[in-house]
Amino acid sequence: MKSLEELAAIRDKMKNNAAVRESDGDEIRIVVGMATCGIAAGARPVLNAIMEELEKRDIKNVTVAQTGCIGMCKLEPIVDVYIPGKEKVSYVLMKPEKVGRIIAEHVVNGRPVLEYTIGAYEK
Amino acid sequence: MMEELSLNILDIVQNSIAAEGTKIEIGIEEDDAADRMVIRIKDNGRGMSPQLLAQVEDPFVTGRTTRKVGLGISFFKEAAETAGGSFHIGSQLGKGTWVTAEFQKSHIDRQPLGDVAGTLTSLILLNPDIDFFLNYRVNDDTFDFSTEEIREQLGGGIKLSHPDVISFISEYLSEHLRALNGGVGI
C-alpha cells in the first residue's frame, strides 16, 4: 500500500526540475463548472479524466480551476479552455470520453474540437 | 438528487469554500451494529447569521443575494431523510458552519457513498491552498488523512495541485479507502 514517505521522492524529483514550473506566463487554464448543477450532471468524473489525461501526457503548463453556476445548468458539465492570446472555448454536456480529444487536439495542438463546443450545440 | 453521497459531500464543501473556509473537515462514520452512517462536514468559514441559517434548508427561499446556498443543502437533507435519517446544519458568524447527515445504513433508499477518493482528490486539485481533513471510520477501523501531513512531507514551495502530487494523492486515497470499506463505498 502507498505510504506518505513516497512524497519525498516526488519532492526530490521536483527540486531537480524546479525551473520548469516557474514560468507561468503562458499557462493554459481549464475551468470546470463545479456548482450543484455541474456536480449533479457529472463534473467530478470529467475533472478526474482531465487530471488523468494531463498526468498521462505529462502536460505541465495547464492549470485546472473551478467556477460556479453560470445559468446554463442544462448544458452542464461545462468545461472552458483558455489559451493565452486566443478566445475562450466552452465545451458543453461534457463526458469523460470527450476529454482525450480535447486535450490532444485543443490543449496540445491548439485546434478546438468544434463538435463538442457550445456553438455546435446551439446550431 | 445526487447519485452518490460523496457527490453531496463535494457539493456541500463548495459552500464552505464560497464562505472562505481555509480548514475543512470531513467525517464519515459507518456503524453496522447500529445500522448507521453519519457524514459530517465542518468549516471555519465566515458562517451564517441566524436569519440565513433558518432559511438555508428551504430551496425556494434562497435568492441570488445568498448565492452560496441553493439546492445543494436541500439535496443532502433529502438524501438523509428519505433514508430513515436526519439532517442538521449549524453555523455561527465568524466561526464557521457544520453539517451533519445521518442515515439508516441498510435503508433501501440510502444512496451509495461512492467515490470518496475522487471527491477529495477533486477538492485538493481545485483548492490546493485549503486544508482538508478526512476522518473515515468503518466499525472499529479508522483512516485519517490531512493535506497538512502531505504538505509536511513535501516541504515548502510545491503546490498540492501539481500533477505528480495529485496523482499520488489519488492513488493513496483510493488504496487506503479500498482497504477500509472494500472498494468504492456502498
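The structure presented is a predicted model; accordingly, all values stated were derived computationally and were not measured.

(A) Highlighting the pattern of salt bridges. Residue and element names in this part refer to chain B. In the structure shown here, the tally under the stated rule is 23 salt bridges over all chains. We note a salt bridge from Lys42 to Glu25, for which the minimum N-O separation is 3.9 Å. Remark: Glu25 occurs in strand 1 (residues 23–31) and Lys42 occurs in strand 2 (residues 36–43); sequence separation between them is 17 residues. Lys42 sits in the partly exposed class, given a relative accessible area of 42%. According to the relative accessible area criterion, Glu25 is partly exposed, its value standing at 29%. Each of Glu29, Arg36, Arg40, Glu102 and Arg137 takes part in a single network of salt bridges with overlapping partners.

(B) Structural context of the confidence of the model for chain B. All names here are of chain B. Averaged over all residues, the pLDDT of chain B equals 91, while 93% of them reach at least 70. When pLDDT is averaged over each element of chain B, strand 2 comes out on top at 98 and helix 2 (residues 50–55) at the bottom at 88. Reported confidence for the predicted complex is 0.88 by ipTM and 0.92 by pTM.

(C) Region of the structure containing the interface of chain B and chain A. Every contact between the two is made by 38 residues of chain B and, on the other side, 28 residues of chain A. Among the residues chain B hides against chain A, the three largest losses belong to Leu126, Gln153 and Phe168 of chain B. Together they make up 21% of the total. The interface formed by chain B and chain A contains 4 salt bridges. Of the charged contacts in the structure, one is a salt bridge between Arg44 of chain A and Glu4 of chain B, with a shortest N-O distance of 2.6 Å. The element contributing the most residues to the side of chain B that touches chain A is helix 6 (residues 163–181) of chain B, with 11 residues.

Criteria and cut-off values
- Residues numbered from 1 in each chain as written.
- Chains lettered and ligands numbered in written order.
- Predicted model: local features only at pLDDT ≥ 70, side-chain atom pairs only at ≥ 80, totals over all residues.
- Heavy atoms only, no water.
- Salt bridge = Lys/Arg side-chain N within 4 Å of Asp/Glu carboxyl O.
- Helix = DSSP H or I, 4+ residues; strand = E, 2+ residues; numbered from the N terminus.
- Buried < 20%, exposed > 50% of the residue type's maximum accessible area, 1.4 Å probe, protein only.
- pLDDT = per-residue confidence, 0-100.
- Contact = heavy atoms within 4.5 Å.
- Buried area = accessible area lost by both parts, 1.4 Å probe.

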